[in-house]
Amino acid sequence: MSIRFHPRNEILLAYATGTLEEAASVLIATHLALCPQCRTAVGCMEAVGGALLDALPAAALDDRNLTQMMTRLDEPASVPAPAKAADDLSSTRSPGTSAMLPQPLRGYVAGDNAAHLPWHRLMNLDYIDLKTRGRGRARLLRVSPGGTIPYHGHSGEEFVLVLAGGYSDGTGAYHRGDVASADPSLRHAPVAEPGEACICMTVNYGVLLPTRILAPLARLFRGRVH
Amino acid sequence: MTALMIAVAAHADKKAFARLFLHYGPRVKTYLMRQGASESNVEELVQETFLVVWRKAAMFDGGKASAGTWIFTIARNLRIDALRKTRRPEFDPADPALVPEPEPAPDRVLEAGEAEVRVRAALAQLPHDQAIALRLAFLEDKSHSEIAAQLSLPLGTVKSRLRLAMQRVRAILEES
């Protein structure tokens, strides 16, 4: 199925210029592995970066630098080159199955097959927290086929990248490779599609807010405490 | 310059590498200084950048990127690691999970050299305010809201200038 929902252009641009935080960058880079169209867009942005670099004024760099540089070329690399993708895949994986996690996400979890990861359970959800630096919180979420996430809002921006299965909310139906972006105005109760567990990577800036009956109660409660 | 990079990629040509260093080294130094590198370690970072250019040369694809673009991405990644102390997550072109490009129609493939000329032409034609926004975004490690603050503009205006600028560059790149 081809990808229907892409990250906003400004997010791709922040990734290309290098200002996007690590958590969102993992999500965008993983989307890029699944989306040739956005790879082309980022490639075009990087070409702008290249042209702007070329047009920069040259800083003073004396001849000593070139001499040093040339002698360093034969230095052994201090850090071994990263393992080729094909080498770090376990033999248990069936190639091309929808459970397969692309890079760079695979490097953030303990394995390449989503079925065998160390999931934690919270109500009807399984989750894994990903270690990233910066403000954003990155997680993997797994919802059983047909499962629902209770109606909620967000106190900050949220990005969701679907990796397996699919889900729907009022804004659309999302499948592998699709990126849903939510701002604080969105309230939704996503429902996983039947047939296959829905696995997503999520990045949140802020917290989830329970709504409906809980939210007014929460507000009322906060009002009295003040 | 792209021909020099191809020579480095194809047969580890040290003379070609030296010429690339002489042209791009001073520009990478300017880039890293603007990104916040200190005078005391910027030359070390320039050398680190070119050490990666040398070691990863085999991955350079002259059909996809120009030498300038390739060196820009390496310098950008290095300064994220070195100056921000955070990681730069990237997809792996050799990942079996990667969804490949559909085969492009032959008349739509632009040589990197041609693409480079077109990107430069597109940048030269941009309205001044769009060009400024692009330069701040790419060269000064500024988020869109920091650019808005610096130019005393609403965030939405900065975002739309950047969007329009990129649209124009893409349109010129995709012209047949």
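Placed above this text is the structure.
Residues numbered from 1 in each chain as written. Chains lettered and ligands numbered in written order. Predicted model: local features only at pLDDT ≥ 70, side-chain atom pairs only at ≥ 80, totals over all residues. Heavy atoms only, no water.

A. Looking closely at the sheet that holds strand E7 (residues 172–175) of chain A. Residues and elements named next belong to chain A. The strand order E7-E6-E9 describes an open sheet built from three strands, whose pairing is antiparallel. Every other strand in the sheet has two partners, leaving E7 and strand E9 (191–192) as the edge strands with one partner each. As paired strands, strand E6 (residues 166–169) and E7 are joined by four bridges and run antiparallel to one another. Within the sheet, the bridge partner assigned to Gly166 lies in E7 and is His175. (Pairing = 2+ DSSP bridges. Helix = DSSP H or I, 4+ residues; strand = E, 2+ residues; numbered from the N terminus.)

B. Quick peek at the pairing of strand E5 (residues 158–164) of chain A. Residue and element names in this part refer to chain A. Counting buried positions over the seven residues of E5 gives seven, a clear majority of the element. With four bridges connecting them, E5 and strand E8 (residues 179–182) associate as antiparallel partners. From the neighbouring strand, Leu161 faces E8, where its bridge partner is Val179. Pairing analysis gives six bridges linking E5 to strand E10 (residues 198–204), with the strands arranged antiparallel. (Buried < 20%, exposed > 50% of the residue type's maximum accessible area, 1.4 Å probe, protein only.)

C. Examining the interface of chain A and chain B more closely. Facing 61 residues of chain A, the contacting portion of chain B comprises 70 residues. Overall, the association of chain A and chain B removes approximately 5900 Å² of surface from exposure, summing both partners, and the carbon and sulfur fraction of that is 63%. One can count eleven salt bridges joining chain A with chain B. In terms of residues, the side of chain A that touches chain B owes the most to one element, helix H3 (residues 36–54) of chain A, which gives 15 residues. (Contact = heavy atoms within 4.5 Å. Buried area = accessible area lost by both parts, 1.4 Å probe. Salt bridge = Lys/Arg side-chain N within 4 Å of Asp/Glu carboxyl O.)

D. Spatial organisation of the state of the cysteines. Residues and elements named next belong to chain A. Counted according to the given criterion, the structure contains zero disulfides over all chains. Cys44 takes part in no disulfide bond, and the closest cysteine sulfur to it belongs to Cys38, at a distance of 12 Å. Residue classification places Cys44 among the buried residues on the basis of a relative accessible area of 7%. No disulfide involves Cys200; its nearest neighbouring cysteine sulfur is the one of Cys198, lying 3.6 Å away. Using a relative accessible area of 6% as the deciding quantity, one classes Cys200 as buried. (Disulfide = S-S within 2.5 Å.)

E. Quick peek at the packing of aromatic side chains. Applying the stated criterion to the full structure yields eight aromatic pairs over all chains. Ring centres of Phe5 of chain A and Tyr174 of chain A lie 4.4 Å apart, and the angle between their planes is 45°; this geometry places the pair in the tilted category. Taken together, the residues span a long stretch of sequence, with Phe5 of chain A in the segment before helix H1 (9–17) and Tyr174 of chain A in strand E7 at a distance of 169 residues. Residue Tyr174 of chain A is classed as buried on the basis of its relative accessible area, which comes to 5%. Arranged with centres 6.2 Å apart and planes meeting at 80°, the rings of Phe17 of chain B and Phe50 of chain B form a pair that is edge-to-face. With Phe17 of chain B in helix H2 (residues 14–34) and Phe50 of chain B in helix H3 (residues 42–55), this residue pair connects regions lying 33 residues apart in the sequence. Of the residues examined, Phe17 of chain B reaches a relative accessible area of 0% and is grouped as buried. In this structure Phe50 of chain B comes out as buried when scored by relative accessible area, which is 0%. Within the aromatic cluster, the residues linked to one another by ring pairs are Phe17, Phe21, Phe50 and Trp54 of chain B. Over the ring of Phe91 of chain B we find Arg39 of chain A; its NZ or CZ atom is 5.7 Å from the centre of that ring. In this structure, Arg88 of chain B packs its charged tip against the face of Tyr15 of chain A, placed 3.8 Å from the ring centre. (Phe/Tyr/Trp six-rings, centres within 6.5 Å; stacked < 30°, edge-to-face > 60°. Lys NZ or Arg CZ within 6 Å of the ring centre and 35° of its normal.)

F. View of the sheet that holds E5 of chain A. Residue and element names in this part refer to chain A. With antiparallel pairing, the six strands of this open sheet are ordered in space as E1-E2-E3-E10-E5-E8. At either margin of the open sheet sits one strand with a lone partner, and together these are strand E1 (120–122) and E8. Between one strand axis and the next, the sheet turns through 30° on average, direction left out of account. (Axes fitted to C-alpha atoms, helices over the stretch in contact; angles between N-to-C directions.)

These results come straight from atomic positions and should not be treated as a statement about function.
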